[in-house]
Amino acid sequence: MPDTISDDVVVTFDYVIRDTAGGTLDSSSTEEPGLYLHGADNIAPGLEAALTGRRVGDAVTAEVGPEQGFGVHDGQEPITVPRDVFAPGVEITMGMQCTSDGDADEAIPLWVVGVTDDSVVLDRNHPLAGKTVIYEVTVTGLREATPEELSEGCPS
C-alpha cells in the first residue's frame, strides 16, 4: 500500500466544495466518498496538485481558480434542442450532465440548464466554469491501482 499520493494511486477522500463566499456547492457523503486515480486527469488539476504527496488522514484546503478548476467560461451561448433528441422515458433534470458526439467522435460534455415539455437547453460550460472554488478535503484511503484501472484511466 502506498504511503503518499502519487501517480497511479487510487485515492479515497471526503470533500466539501465551497464558493468564495463560503456557500457549499457540493460534498461527499459517507456512502459515496470521493474516489479518483491520481495522475489520470480525473479531478481538477489544481486539486490534484494540492493532494500530491499527502497521506491518509491529511486535511487539505485548496483554493482553485477557473484555469486549474472547472475551466474558464468559453463564451458560447447555450443551445436549445428538441426534447425528442433524448430517449423516451429519460428523466431530464436541471444540472444533469450528458454528452454529444463531436466532429472526431469525441464525447462533448453538456449540462442541462433549461427544460420544457418540448425542448432542452444545453450548455457546454460546466456550471462552475469561470468560478474560483475552495476544496476542503480529508484523505481517507490510498491503494495501488489495478492494471485494469490504469488501462481505463479511472478507478473501478
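Here goes a summary of the coordinates provided. (Residues numbered from 1 in each chain as written. Predicted model: local features only at pLDDT ≥ 70, side-chain atom pairs only at ≥ 80, totals over all residues. Heavy atoms only, no water.)

### Section: the overall build of the protein
Then comes step 1: Along the protein, the regular secondary structure elements total 2 helices and 9 strands.
Then comes step 2: For the protein, the succession of helices and strands along the chain, N to C, is β-β-β-α-β-β-β-β-β-β-α.
Then comes step 3: Look at the contacts in the protein between residues 6 or more apart in sequence, and 62% of them connect residues 24 or more apart.
Then comes step 4: Within the structure as shown, the protein displays about 9,200 Å² of accessible surface, and the carbon and sulfur contribution to it stands at 48%.
Then comes step 5: Positive and negative side-chain charges in the protein, numbering 7 and 29 respectively, have mean positions lying 7 Å apart. (Helix = DSSP H or I, 4+ residues; strand = E, 2+ residues; numbered from the N terminus. Contact = heavy atoms within 4.5 Å. Areas by Shrake-Rupley, 256 points an atom, 1.4 Å probe, with all protein chains shown as cover. Lys, Arg positive; Asp, Glu negative; His and termini not counted. Charge placed at Lys NZ, Arg CZ, Asp CG, Glu CD.)

### What to know about the sheet that holds strand β6 (residues 97-101)
Then comes step 1: The strand order across the open sheet built from 4 strands is β5-β8-β7-β6, with neighbouring strands paired in antiparallel fashion. Strand pairing shows two members of the sheet lacking a second neighbour, β5 (79-82) and β6, which therefore form its edges. Pairwise comparison of adjacent strand axes, ignoring direction, gives a mean angle of 45° for this sheet.
Then comes step 2: Note: β5 against strand β8 (residues 119-123), 4 bridges, orientation antiparallel. Looking across to β8, one finds that Ile 79 is bridged to Leu 122. (Pairing = 2+ DSSP bridges. Axes fitted to C-alpha atoms, helices over the stretch in contact; angles between N-to-C directions.)

### Observations concerning the pairing of strand β7 (residues 107-115)
Then comes step 1: Here β6 runs beside β7; their pairing, made up of 5 bridges, is antiparallel. Paired with Gln 97 across the two strands is Trp 111, which belongs to β7.
Then comes step 2: Linkage of β6 to β7, two consecutive antiparallel strands, is achieved through a turn of 5 residues, within which Asp 105 is found at a positive phi near 60°.
Then comes step 3: Inspection of the sheet shows β7 paired to β8 by 4 bridges, in the antiparallel sense. Note on β8: the bridge partner recorded for Trp 111 is Asp 123.
Then comes step 4: Linking two consecutive strands that pair antiparallel, namely β7 and β8, is a turn of 3 residues.

### Things to note about a negative patch on the surface
Then comes step 1: Taken together, the side chains of Asp 101, Asp 103, Asp 105 and Glu 106 define an acidic patch exposed on the protein surface.
Then comes step 2: Locating Glu 106 in the fold gives a position in the loop between β6 and β7. (Patch = residues over 30% accessible without salt bridge, like charges linked within 9 Å, V, L, I, M, F, W, Y side chains within 5 Å. Salt bridge = Lys/Arg side-chain N within 4 Å of Asp/Glu carboxyl O.)

### Things to note about the side chain of Asn 125
Then comes step 1: Relative to the assigned elements, Asn 125 resides in the loop between β8 and β9 (133-144).
Then comes step 2: Among the polar contacts made by the side chain of Asn 125, one reaches the main-chain amide nitrogen of Asp 74 at a distance of 2.9 Å.
Then comes step 3: Residues in contact with Asn 125, not counting those within four places in the same chain, are Val 72, His 73, Asp 74, Gln 76 and Trp 111. (Polar contact = N/O pair within 3.5 Å; in protein donor to acceptor, adjacent residues only side chain to side chain.)

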